[in-house]
Amino acid sequence: MVRHAGGTEDELIPWAKVMLGIGIQIGHGTKGSAYQGDLGLTGLLGGLPGPFKGRGGGHLSMTLRHPYEDRKLTFDRHAQWYKPTHVLLLAELMTQTVAAGEAHRLGDADWLAWAVGRLELVTSWPIGRQPAAVVQAALKD
């Protein structure tokens, strides 16, 4: 993964350094939730017409090894608005992929497009199912 930050040199973060998963937080200043993915008010409103349109970037949070450190990598808001369900499922996909020792797959554009495409088919939150079960079911061949 390459971190681009204005005015600084790009930072290469090898996938093998990522531990435990990657959390997604959209909307600056939000607090953690029971799930890895989290949406703040500006994250929810930032894709809708009105004064908040385009606001609510966020960050990826992760723990890196060698040396061990917690990192938050900020990002700007994508022009497309994503459903909260899809943000939570993407965070779970990243967590499961890292936990399975397959973090390098997150850098494989074809695999990631396939996996996200499968999750995109989930249009509502299945009542009583946790994000882990939803992701596992969506990725079964």
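Parameters at a glance
- Residues numbered from 1 in each chain as written.
- Predicted model: local features only at pLDDT ≥ 70, side-chain atom pairs only at ≥ 80, totals over all residues.
- Heavy atoms only, no water.
- Helix = DSSP H or I, 4+ residues; strand = E, 2+ residues; numbered from the N terminus.
- Buried < 20%, exposed > 50% of the residue type's maximum accessible area, 1.4 Å probe, protein only.
- Contact = heavy atoms within 4.5 Å.
- Areas by Shrake-Rupley, 256 points an atom, 1.4 Å probe, with all protein chains shown as cover.
- Core = buried A, V, L, I, M, F, W, Y, C linked by side-chain atoms within 4.5 Å.
- Pairing = 2+ DSSP bridges.
- Axes fitted to C-alpha atoms, helices over the stretch in contact; angles between N-to-C directions.
- Parallel < 35°, antiparallel > 145°, perpendicular 65-115°, else oblique.
- Nonpolar A, V, L, I, M, F, W, Y, C, P; charged D, E, K, R; others polar.
- Expected span 1.5 Å × (residues − 1).
- Arc of directions from axis to C-beta.

### With respect to the overall build of the chain
- Within the chain one finds four helices and six strands.
- In sequence order, the secondary structure elements of the chain are arranged as β-β-β-β-α-β-β-α-α-α.
- Across the 141 residues in the chain, those meeting the buried criterion constitute 35%.
- Within the chain, residue pairs in contact and separated by at least 24 positions form 55% of the contacts whose partners lie at least 6 positions apart.
- In the form shown here, the chain has an accessible surface area of approximately 8600 Å², with 57% of it arising from carbon and sulfur atoms.

### Observations concerning the environment of Q136
- As for its position among the elements, Q136 is in helix α4 (residues 131-138).
- Look at Q136 and you get partly exposed, because its relative accessible area is 48%.

### Let's talk about the environment of V98
- Relative to the assigned elements, V98 resides in helix α2 (residues 84-99).
- When neighbours within four sequence positions are excluded, V98 is seen to be in contact with V18, M19, L20, G21, A103 and L106.

### Side note on the nonpolar core
- Of all hydrophobic cores here, the largest spans 24 residues; its most connected members are V18, I22 and M62.
- Listed by contribution, the elements that provide at least two residues to this core are β3 (18-26), β5 (58-64), α2, α3 (109-120) and α4.
- Filtering out sequence-adjacent residues up to four positions away, M62 remains in contact with M1, V18, G21, I22, E69, D70, R71 and L73.

### Structural notes on the pairing of strand β6 (residues 69-75)
- Summarising the sheet, β5 and β6 pair through seven bridges and their orientation is antiparallel. Looking at β6, one finds that L60 is bridged to L73.
- The hairpin turn running from β5 into β6, its antiparallel successor, is four residues long, and H66 in that turn takes a positive phi close to 55°.

### Section: the packing of α2 against α4
- In the contact formed by α2 and α4, the axes pass within 9 Å of each other and the chain directions differ by 75°. It follows that α2 is roughly perpendicular to α4 by the angle criterion. Packed against α2, whose contacting residues are L89, E92, L93 and Q96, the element α4 presents P131, A132, V134, V135 and Q136 at the interface.
- Of the residues that constitute the contact of α2 with α4, the class distribution is six nonpolar, two polar and one charged.

### Points about α3
- Between its first and last C-alpha, α3 extends 16 Å over twelve residues, near the 16 Å set by a 1.5 Å rise per residue.
- Of all the residues in α3, the buried ones are W111, A115 and L119. Angularly, the buried residues of α3 cover 70° about the axis, an arc narrow enough to put them on a single face. Facing away from the buried side of α3 by more than 90 degrees, the exposed set consists of A109, D110, A113 and E120.
- Elements that come into contact with the buried residues of α3 comprise α2 and α4.

Function cannot be inferred from these measures alone, as they are strictly geometric.
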